[in-house]
Amino acid sequence: MSVNQSPLDGWLPRIPLGTWTESAVDWATSTLGPVFEGVATLVDTLVQPLNDLLTGVPAVVIVAVFAGLGWWLRGWKFALGTAVGLGLVAGMPYWSETMSTLAQVLVASTLALLLAIPLGVLVAENRRAAAVARPVLDLMQTMPAFVYLIPAIFFFGIGTVPGVLATLVFSMPPGVRLTALGLRQVDKEIVQAAESFGAPPWMVLLRTKLPLALPTIMTGVNQVIMLALSMVVIAGMVGAGGLGDVIMFALSQVQVGSGFEGGIAVVTLAVVLDRITDSVGDRFPSARAQRLAREAH
């Protein structure tokens with residue numbers, strides 16, 4: 001038997017899954033071309049002005065804004081650490097690439113959350129939707145990150161747009177899962193009390209369930225942003241720009257110094273965004289109430 005031959009060869013017909021996929025992609029390209037062009041225009045319209053703003057503002061202003069935000073959310077120690085970390089990045093030759101990466105992360109994660117949170121609500125409130133969404137989310141989370149770049153390149157070519165869209169799809173699942181989890185974990189007695197006062201289902205959702213689920217939802221927001229940052233770097237393979245280009249070029253040319261500087265910039269950006277989003281979640285009244293309840297026990 002050949003090395004590449006399956007034990008079932010001759011018993012089962014070959015399933016041309018790859019051929020079917022290519023046919024589906026060809027059909028989508030020829031039929032939905034205007035839709036893809038509209039999506040590309042929308043993404044480019046969102047990313048480019050934000051990129052121009054972040055790269056056009058002096059680095060000291062950006063550092064001061066993030067340090068001030070850190071002081072307000074977490075205190076002077078985090079503000080000092082933010083200023084030192086971003087100041088280090090500003091002193092390296094990749095500040096504009098860092099801001100370009102930040103622009104892509106903000107756009108991709110915002111679009112991902114605009115899709116993920118409503119889907120999470122639907123999954124939490126509808127059993128059929130949950131049954132359909134679970135295997136889809138499993139597939140999305142286990143699919144290798146590089147695979148997302150293939151259809152993105154095919155539909156949108158090379159550049160920032162396919163990188164942002166691949167990042168959007170890659171980072172969505174945690175937002176959906178944690179939104180649904182937060183809503184399911186809301187105390188049923190509280191929900192029943194709200195319903196007993198005659199509140200309609202939509203009001204119970206908006207006024208009771210979502211506020212109590214916000215800490216868990218914010219954890220999902222945090223995870224979406226972290227995954228978006230990791231994928232934006234990988235998207236440098238398709239010419240998305242930013243720190244991804246820096247790291248990919250350093251890898252191809254075996255430039256240890258440039259690769260280390262790009263990596264430090266990614267890590268600094270990741271730590272700052274992680275701590276800030278985590279602190280925003282802690283400021284919700286429901287989060288403070290849950291924290292006090294845990295401390296009381």
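A. Main features of the nonpolar core. Counting residues in hydrophobic clusters, the biggest one holds 63 residues, and the most contacted among them are Val43, Phe66, Leu102, Val105, Leu149 and Met231. If one sorts the elements of this core by residue count, helix H5 (residues 95-125) sits on top with 12 residues. Those residues in contact with Leu149 that sit more than four places away from it in its chain are Ala166, Met231, Ile234, Ala235, Met237 and Val238.

B. Here's a closer look at the pattern of salt bridges. In total, this model carries 3 salt bridges according to the counting rule given. Notably, a salt bridge pairs Lys209 with Glu125, separated by 3.1 Å at the nearest N-O pair. A residue pair is termed long-range when its members are at least 10 positions apart, and Lys209 in helix H10 (residues 201-234) and Glu125 in helix H5 qualify at 84 residues. Note on Lys209: relative accessible area 15%, which makes it buried. For Glu125, a relative accessible area of 44% corresponds to the partly exposed category. The residue Asp274 makes a salt bridge to Arg275 at a minimum N-O spacing of 2.5 Å. The exposure class assigned to Asp274 is buried, which follows from its relative accessible area of 18%.

Conventions adopted
- Residues numbered from 1 in each chain as written.
- Predicted model: local features only at pLDDT ≥ 70, side-chain atom pairs only at ≥ 80, totals over all residues.
- Heavy atoms only, no water.
- Core = buried A, V, L, I, M, F, W, Y, C linked by side-chain atoms within 4.5 Å.
- Buried < 20%, exposed > 50% of the residue type's maximum accessible area, 1.4 Å probe, protein only.
- Helix = DSSP H or I, 4+ residues; strand = E, 2+ residues; numbered from the N terminus.
- Contact = heavy atoms within 4.5 Å.
- Salt bridge = Lys/Arg side-chain N within 4 Å of Asp/Glu carboxyl O.

Purely spatial values, then, with no claim about function.
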